[in-house]
Amino acid sequence: KSSSEGQTSSPPATFEALRRKRALLRKKLRHERQQQQPLDVSHWTTHQGTGSTRPTERKYPENFRGQMYPTGAAANHPAAPALREWAVKGCPVNTGAQWTKDQIVAALERGPHMSALEPEAMQAFRDEVVEKVKLGQARIITWDDIKDNPPKELKLSPISQIPHKSRKFRTILDLSFTLKNGDQTIAPAVNSTTEPTAPEEALGQMGSALPRLIVAMARCPDDATIYFTKFDIQDGFWRMINELGKEYNFAFVMPTRDDEPLQIVVPTSLQMGWVESPPFFCGASETARDVADEYAEAPLGTLPEHPLEGGTKLAEEELQAMLDEKPSDPQARLKYLIEVYVDDFIAAAQATSPEELKHIARALLHAIHDVFPEGVFSDDDQPVSVKKIKKGEAQWSVLKEVLGWLFDGKNKSIQLPAEKVEKILEAIKAMLRSRSGTPFKAFQELMGKLYHASLGVPAGKGFMTPLNRQLAAAPKKVWFRKGSAQRQALELWRALLVEAMAEPTLAKELVPASPDYVGLVDASGEGVGGVWLSGNKKLQATVWRLEWPQEIKTLLATKVLTINDLEMAGNLLGWLVLEGMGVDIRHCHVALLNDNASAISWIVNWASHSSGPAGRLIIALALRQRVRRASPLTPAHLAGKLNVMADLASRSFGYKKEWHCDSWDSFLTLFNRLFPLPNKSSWQAFQLSSKIVTRVTAILQMKEFGMEEWKKLPKIGTSISTAGASSCSLGELTRSWATHSHSKNGCISSQVLEEWSGKESWAEDARSELVRSVQRSLPLRRPSHWTKELCPSTTTPATTTCRSD
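Residues numbered from 1 in each chain as written. Predicted model: local features only at pLDDT ≥ 70, side-chain atom pairs only at ≥ 80, totals over all residues. Heavy atoms only, no water.

Caption draft 1: How the structure looks around the overall build of the protein chain. Looking only at helices and strands, one finds 26 helices and 24 strands in the protein chain. Across the protein chain, every contact between residues at least 6 apart in sequence was considered, and the portion connecting residues at least 24 apart equals 78%. Accessible surface computed for the protein chain: about 35700 Å², of which carbon and sulfur atoms make up 50%. For the protein chain, the distance from the average site of its 99 positive side-chain charges to the average site of its 93 negative ones is 4 Å. (Helix = DSSP H or I, 4+ residues; strand = E, 2+ residues; numbered from the N terminus. Contact = heavy atoms within 4.5 Å. Areas by Shrake-Rupley, 256 points an atom, 1.4 Å probe, with all protein chains shown as cover. Lys, Arg positive; Asp, Glu negative; His and termini not counted. Charge placed at Lys NZ, Arg CZ, Asp CG, Glu CD.)

Caption draft 2: Focus on the nonpolar core. Counting 100 residues, the largest nonpolar core has Phe-407, Leu-467, Trp-493 and Trp-532 as its most contacted members. Grouped together as the second largest cluster of nonpolar side chains are 71 residues, Phe-252, Leu-303, Ala-351 and Val-398 included. (Core = buried A, V, L, I, M, F, W, Y, C linked by side-chain atoms within 4.5 Å. Buried < 20%, exposed > 50% of the residue type's maximum accessible area, 1.4 Å probe, protein only.)

Caption draft 3: Geometry of the pairing of strand 18 (residues 517-523). Counting buried positions along strand 18 gives 7 out of 7 residues, so the element sits mostly inside the fold. The side-chain alternation of strand 18 yields two buried faces, one formed by Tyr-517, Gly-519, Val-521 and Ala-523 and the other by Val-518, Leu-520 and Asp-522. Between strand 18 and strand 19 (residues 527-534), which pair antiparallel in sequence order, lie 3 residues. Across 5 bridges, strand 18 lies against strand 21 (residues 590-594) in parallel orientation. (Pairing = 2+ DSSP bridges.)

Caption draft 4: Structural context of the pattern of salt bridges. Scanning the model with the defined rule gives 35 salt bridges in all. For the salt bridge of Arg-626 with Glu-499, the shortest nitrogen-to-oxygen distance reads 2.9 Å. With Arg-626 in helix 18 (residues 614-628) and Glu-499 in helix 14 (residues 485-502), this pair connects stretches of sequence that are 127 residues apart. (Salt bridge = Lys/Arg side-chain N within 4 Å of Asp/Glu carboxyl O.)

Caption draft 5: Fine view of the sheet that holds strand 17 (residues 505-506). Strands sit in the order 12-13-14-17 across an open sheet of 4 strands; the sheet is antiparallel. The open sheet has two edge strands with one neighbour each: strand 12 (399-402) and strand 17. Here strand 13 (residues 405-408) pairs with strand 14 (residues 413-415) via 3 bridges, running antiparallel. Within strand 14, the residue paired with Asp-408 across the bridge is Ser-413. Sitting on the sheet, helix 6 (residues 209-218) touches strand 12, strand 13 and strand 14, and the angle it makes with strand 13 is about 25 degrees. (Axes fitted to C-alpha atoms, helices over the stretch in contact; angles between N-to-C directions.)

Caption draft 6: Structural context of empty space enclosed by the protein. Scanning all chains against the criterion turns up 5 cavities of 30 Å³ or more. Here the largest cavity is characterised by a volume of approximately 110 Å³. Lining the largest cavity are 15 residues, with Ala-107, Leu-156, Ser-157, Pro-158 and Phe-177 positioned closest to its centre. Grouping the amino acids of the lining of the largest cavity by side-chain chemistry returns 11 nonpolar, 2 polar and 2 charged. (1 Å grid on protein atoms, 1.4 Å probe; cavity = no way out; pocket = protein on both sides within 12 Å on 5 of 7 lines; lining within 4 Å. Points joined across faces, edges and corners; volume = space filled by probe spheres on them. Nonpolar A, V, L, I, M, F, W, Y, C, P; charged D, E, K, R; others polar.)

Caption draft 7: Summary view of the pairing of strand 20 (residues 542-547). Here strand 20 lies mainly inside the structure; 5 of its 6 residues are buried. The pairing of strand 19 with strand 20 spans 6 bridges and is antiparallel. Following the sheet pairing, Trp-532 is matched in strand 20 by Thr-542. The pairing of strand 20 with strand 23 (residues 684-688) spans 3 bridges and is classified as parallel. Within strand 23, the residue paired with Val-543 across the bridge is Ala-685.

Caption draft 8: Broad picture of the sheet that holds strand 7 (residues 227-232). Strand order in this open sheet of 4 strands is 1-10-11-7, and the pairing throughout is antiparallel. The open sheet is flanked by strand 1 (45-46) and strand 7, the only strands paired with a single partner. As paired strands, strand 1 and strand 10 (residues 335-341) are joined by 2 bridges and run antiparallel to one another. Note that in strand 10 the partner of Thr-46 across the bridge is Lys-335. Packed onto the sheet, helix 6 meets strand 7, strand 10 and strand 11 (344-350) and runs at close to 160 degrees relative to strand 10.

Caption draft 9: Representation of the environment of Lys-358 within the structure. Note that Lys-358 resides in helix 9 (residues 354-371). When the C-alpha positions of Lys-358 and Asp-259 are compared, they lie 57 Å apart, and in sequence the two are 99 residues distant. If we ignore the near neighbours within four places in the chain, the residues touching Lys-358 are Glu-309 and Trp-396.

Caption draft 10: Spotlight on helix 12 (residues 440-454). End to end, helix 12 covers 21 Å across 15 residues, agreeing with the expected 21 Å (1.5 Å per residue, within 8%). Among the residues of helix 12, those classed as buried are Phe-440, Phe-443, Leu-446, Met-447, Leu-450, Ala-453 and Ser-454. Seen end-on, helix 12 carries its buried residues on one side only, within an arc spanning 125 degrees. Where the residues of helix 12 are buried, they touch strand 13, helix 11 (418-433), strand 15 (438-439), helix 13 (465-473), strand 16 (477-478) and helix 14. (Expected span 1.5 Å × (residues − 1). Arc of directions from axis to C-beta.)

Given below as structure tokens:
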């Protein structure tokens, strides 16, 4: 216990560790739920028009504060009691032990960040504070008036002023700042000592809004047209208040001149930099989204007009295009998807009339005002940004910038806006040209932008491994010297972004699905090999193999290479075999099964922590996938005992005397005998060309390579066709074997009978693993109310959990 009225005092890292642990538990629970969700689940809601919920008169109690209060349908939402309490008493705050006067004085002397002391920034900040004081969202106190008896909850964090796209500066309160004197901590960061008090469920949908929109668009009929609208809550966090008396925890020093008295600004509202602000605010915004879903189910034409709906009307050109378009199904009903990401509300609709779009706009606007009142401070006080509506951001359109991406509802594609790409390219250019190194902070900012870009340009994820290592090292300066892997990664990103600007990424290229083609791969110390089989599309059953050159065997024997490296090389070679077979894999879904967990993990994450060649192999595979514009690769782990076909192919160079084959003829004879295809068909073989083998083994030997040599390949290899070659799937193969194994006169070999006795479910096991892999990559469908979001169970208070760990 601290002296601060019985508050629990914990080491600074305690609650940060708890948050990290809870995040991991939520991720684990999400994966479990994803694996229970059907693959074909739809994120669209088909309008039935049977809803009975309508907007009603909004009434507010006299004692509510701030600019958030649940009314109308929101008053009946399961979260309404919590929202009412937050509106009257404020959002609960517990930032740990109170600061001593010495800590307060030290933070006062430290003052704001240098960026806030520039004359122009200082004036912009003062104007902002004056406005906040006028609205009752902050107050100013003079240090001389309180220095003898500071408020018990007073803590001071530094502010900075950064350029902003919609105004000159944006104020950032750094509540993660730890005040230090050398290595000694004088005052801990407010965030580090903050005990979680906000509802954990409120963040459950935050990371799924963009993926849901992309998946919904990818699964739309090709002839459907999707329209988008969006609304922004202006000054979102400022609309909700902190617990009465606890606002001093978020105070900061007013930037002043030397001849001015020291002043402290005390905001009474949630602050953007506080770790608990997002879940509190999302509790309110997610409630509004849930209510919008309820209003949207009302019959068309029954929702009252809204004063802002005029800003959502289609442009004349798009309106005419809608009226001229003849729907393929005249009976098709309106389909819609309503999302929110913190303070950004987004609606997507497959509509055939302006009345349907107006209906969804009304539902969303009325729901927003049911939670965020208008006219609290003045008649023109409006929670929805009217400025952005006037700019056309709320106007229904097939082209709309949503959460940093330009969505195209006609072509079903997304693309980074040109200005964002240009800024990234400028940053990359500056870093590649710099002779004095790049400050680590600038590199961090670029990495954040590249991760965001990789959401819609997935090949970019494969380029991140060398950059991730630099990020983990956290040097003061980052260098991109010629020939380095880091420089190559940035050069690859530069070329990829230029290419992506010329051709948007289709949503179907971003969404995994049931595979069209299925490959099995295995690598050993002798060689590598595998098979390709049909999935949703027909493919000639093909087996391939390659004996490792002696130099690769030597590197493995001397432990320069690991078997994991060879397995990853096998995945790359397996992909190349599929390309070499002449298959058109544009927008197709491909699955690769492997019994090596590391190699599978590297593809799942498109990154490797290994210092060996895995990162470069990932780059090569990512490049090939981008060149062929294939949909996301689905990697899946297959137990070694079930991977015997690929196992034999990789070990047919002397591992077992009975498996040793000196020629393709002898190998195909053995393979057809051990793994017969249905209807007495034969396996086709594929032989990789020496030039392709050299390129892959060069990566294993850590030799430098350029992007062009992997974008433009020589002939990959040659198919060795045999009489009776035909297509075959996993299911057809094992059903055939199961039939033979139960037949007294079956012609299947005794060795296969021994290998596969009791394993007739192999194909089903493999298929199940593929399904799980796809399911883990797809977002969950929203629950009807955000309060129904499942969180990891806990039977002890947060502080107790921390002590028991």
